[in-house]
Amino acid sequence: MEFTNEITVNVPRSRFIELFDDPENLKLWQTGLLSFEAVSGTPGEPGATSRLLYKQGRGTMEMVETVTRRELPDAFDGTYDAKGVHNICKNEFHDVDGTATRWVAHNTFEFSGFMKIVGLLFGSMFPKQNLKTMNEFKSFAEAQA
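Residues numbered from 1 in each chain as written. Predicted model: local features only at pLDDT ≥ 70, side-chain atom pairs only at ≥ 80, totals over all residues. Heavy atoms only, no water.

Chemist: Can you walk me through the overall build of the chain in this structure?
Modeler: Counting secondary structure elements, the chain contains four helices and seven strands. Listed N to C, the secondary structure of the chain is β-α-α-β-β-β-β-β-β-α-α in terms of helices and strands. Here the C-alpha atoms of the chain give a radius of gyration of 15 Å, agreeing with the 15 Å that 2.2 N^0.38 yields for 145 residues. Each principal axis of the C-alpha distribution contributes one length, and for the chain these read about 45 × 30 × 30 Å. With 145 residues in all, the chain has 39% of them scored as buried. Accessible area of the chain: about 8,200 Å², with a carbon and sulfur share of 53%. The distance from the centre of the 15 positive side-chain charges to the centre of the 20 negative ones in the chain is 8 Å. (Helix = DSSP H or I, 4+ residues; strand = E, 2+ residues; numbered from the N terminus. Rg over C-alpha atoms; globule rule 2.2 N^0.38 Å. Buried < 20%, exposed > 50% of the residue type's maximum accessible area, 1.4 Å probe, protein only. Areas by Shrake-Rupley, 256 points an atom, 1.4 Å probe, with all protein chains shown as cover. Lys, Arg positive; Asp, Glu negative; His and termini not counted. Charge placed at Lys NZ, Arg CZ, Asp CG, Glu CD.)

Chemist: Would you mind going over helix α3 (residues 115–122) with me for this structure?
Modeler: Helical geometry note: an α-helix holds 3.6 residues per turn, so side chains three or four residues apart project in the same direction. Of all the positions in α3, only M115, V118 and G119 are classed as buried. Along the axis of α3, the buried residues cluster in a sector spanning 100°; they form a single face. Along α3, exposed side chains directed more than 90 degrees from the buried face belong to K116, L120 and L121. On its buried side, α3 packs onto β6 (85–96), β7 (100–111) and α4 (125–144). (Arc of directions from axis to C-beta. Contact = heavy atoms within 4.5 Å.)

Chemist: Hey, could you run me through the nonpolar core in this one?
Modeler: The nonpolar side chains of a soluble globular protein tend to be buried with one another. Core analysis: the largest hydrophobic core is formed by 24 residues, its most contacted members being F16, F20, F93, W103 and F137. Residues contacting F93, with those up to four places away along its chain left out, are R13, F16, I17, F20, L72, P73, D74, A75, F76, T101, R102 and W103. (Core = buried A, V, L, I, M, F, W, Y, C linked by side-chain atoms within 4.5 Å.)

Chemist: Sorry, what's going on with the sheet that holds strand β1 (residues 2–9) here?
Modeler: Hydrogen bonds between backbone groups are what pair the strands of a sheet, and the pairing can be parallel or antiparallel. The seven strands are arranged β1-β7-β6-β5-β4-β3-β2 in an open sheet whose pairing can be described as antiparallel. Looking at strand neighbours, the two that pair on one side only are β1 and β2 (33–40), the edges of this open sheet. Strand-to-strand twist in this sheet, taken as the mean axis angle between neighbours without regard to direction, amounts to 25°. Each of β1, β5 (75–82), β6 and β7 is contacted by helix α1 (residues 13–20), which is oriented at about 150° to β6, the strand it contacts most. (Pairing = 2+ DSSP bridges. Axes fitted to C-alpha atoms, helices over the stretch in contact; angles between N-to-C directions.)

Chemist: What should I look at first to understand the pairing of β7 in this one?
Modeler: The two faces of the sheet receive side chains in turn, since in a regular strand these alternate between them. Note: β1 against β7, eight bridges, orientation antiparallel. Bridged to N5 within β7 is A105. Relative to β7, β6 is paired through twelve bridges, and the arrangement is antiparallel. Its bridge partner lying in β7, D95 is registered against T101. Connecting β6 to the antiparallel partner β7 that follows it, the hairpin turn spans three residues, and D97 within it adopts a positive phi of roughly 55°.

Following this line, the structure appears as structure tokens:
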């Protein structure tokens, strides 16, 4: 499954990147994030891996992030792996007149095992959840401006 979401955040790109790139901020805008732990490599740099733990219903979901491209302030890409799900996320950050940032997120989801069924039945929830998360960052960033 592939989709692209796009939003405009009313924060200059330099401030947007400063907020986006700080792992200390993740819990402030990612609903349900319980922890973010660097596992290997230099955090935020290509090849680095981190473990993210999210509250999901009554349980938790663990995800491993691998940074694949860091060309800030223009782009930041990574893969996100959880049980049965592999997500490739390519983020672009475009300056809008020095006052705002247009964030474009290209996502590819690959499913295996039971998650293939979930993907087929509930595929529309993935773009909606991605856009919800982007809007949570927008609210956070605009409140920090």
